[in-house]
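A closer look at the structure
The chain contents come next:
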Amino acid sequence: REHQLAVSDEGGQVHLLDIRNPQQVLLLLQAHGKSCTSLDWNPVLPDCLLTASVDKSWKVWHLAENTATAIISREPGIGKIFTAAWAPDAPGLVSVGGSRGEMRVTNVGRIEAFQHTFLGKQQ
């Protein structure tokens, strides 16, 4: 996603912008019901975005032309999620940290929806 920037807001929205014309929103995604506190592009899959929120959930999104589809949504039981990231050298690993002082690591590469959407494997 060359020239693109994603920013989140208090309302749980993610705004996808073109940095060459940041006044124009390419996609407005209602990612969460409460503040979206973290987002991260997958290091090797350019159409894959991770979001997290104080609504206690994290999601993996598939971004296409002008649409976004949540292919994975989890509530790991660690309270409000304040940070989420892809592992830079293992693009199937998601780590999240929450308000209970706990963290979780999930291998989404083993989830069928992720495999089907991003790796072309049939379910």
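All values derive from a computational prediction rather than experimental measurement. (Residues numbered from 1 in each chain as written. Predicted model: local features only at pLDDT ≥ 70, side-chain atom pairs only at ≥ 80, totals over all residues. Heavy atoms only, no water.)

Moving on: the confidence of the model for the protein chain. Across the protein chain, the average pLDDT comes to 93, with 98% of residues at or above 70. Taken element by element, the predicted model of the protein chain shows its lowest mean pLDDT in strand 3 (residues 21–30) (92) and its highest in strand 5 (residues 48–53) (98). (pLDDT = per-residue confidence, 0-100. Helix = DSSP H or I, 4+ residues; strand = E, 2+ residues; numbered from the N terminus.)

Attention shifts here to the pattern of salt bridges. For the structure shown, the criterion picks out two salt bridges. Residues Asp-18 and Arg-20 are paired through a salt bridge, measuring 2.7 Å at the closest nitrogen-oxygen approach. According to the relative accessible area criterion, Arg-20 is exposed, its value standing at 59%. The partner of Arg-104 in a salt bridge is Glu-102, and the shortest N-O contact between them spans 3.1 Å. Looking at Glu-102, the relative accessible area reads 33%, which means it is partly exposed. (Salt bridge = Lys/Arg side-chain N within 4 Å of Asp/Glu carboxyl O. Buried < 20%, exposed > 50% of the residue type's maximum accessible area, 1.4 Å probe, protein only.)

Tracing the backbone shows Asp-9 in the loop between strand 1 (4–8) and strand 2 (13–18). In this structure the C-alpha to C-alpha distance between Asp-9 and His-116, which are 107 residues apart in sequence, comes to 30 Å. Beyond its immediate sequence surroundings of up to four residues, Asp-9 is in contact with His-15, Ser-35 and Cys-36. Here the side chain of Asp-9 touches Gln-13 through a polar contact of 2.9 Å, landing on its backbone nitrogen. Here His-15 takes part through its side chain, which lies 2.9 Å from a polar atom of the side chain of Asp-9. (Contact = heavy atoms within 4.5 Å. Polar contact = N/O pair within 3.5 Å; in protein donor to acceptor, adjacent residues only side chain to side chain.)

So, on to the environment of Asp-40. Secondary-structure assignment places Asp-40 in strand 4 (residues 36–41). With 41 residues separating them along the chain, Asp-40 and Ile-81 place their C-alpha atoms 14 Å apart. Setting aside chain neighbours within four positions, we find Asp-40 in contact with Cys-48, Leu-49, Leu-50, Ala-84, Ala-85 and Trp-86. Side-chain polar atoms of Asp-40 contact the backbone nitrogen of Trp-86, separated by 2.8 Å.

Our next topic: a nonpolar patch on the surface. Taken together, the side chains of Leu-5, Val-7 and Ile-19 define a hydrophobic patch exposed on the protein surface, amounting to about 230 Å² of accessible area. Secondary-structure assignment places Leu-5 in strand 1. (Patch = residues over 30% accessible without salt bridge, like charges linked within 9 Å, V, L, I, M, F, W, Y side chains within 5 Å. Areas by Shrake-Rupley, 256 points an atom, 1.4 Å probe, with all protein chains shown as cover.)

Turning to the pairing of strand 10 (residues 103–107), a few remarks are in order. In the sheet, strand 9 (residues 90–98) pairs with strand 10 via five bridges, with the strands oriented antiparallel. In the strand pairing of strand 10, Gly-97 is matched with Met-103. Here strand 9 folds back onto strand 10, and the loop between the two strands holds four residues, one of which, Gly-101, carries a positive phi near 75°. (Pairing = 2+ DSSP bridges.)

Right, let's get into the sheet that holds strand 10. What the three strands build is an open sheet, ordered 8-9-10; its pairing is antiparallel. Single-partner strands in this sheet number two, and they are strand 8 (81–87) and strand 10. Each adjacent strand pair in this sheet contributes to an overall mean axis angle of 20°, direction not counted. (Axes fitted to C-alpha atoms, helices over the stretch in contact; angles between N-to-C directions.)

Not every positive phi belongs to a glycine, and His-3 is a case in point at roughly 70°. For His-3, the location among the structural elements is in the segment before strand 1. Within the chain, Lys-56 stands out as a residue other than glycine whose phi angle is a positive 80°. Within the secondary structure layout, Lys-56 lies in the loop between strand 5 and strand 6 (58–63).

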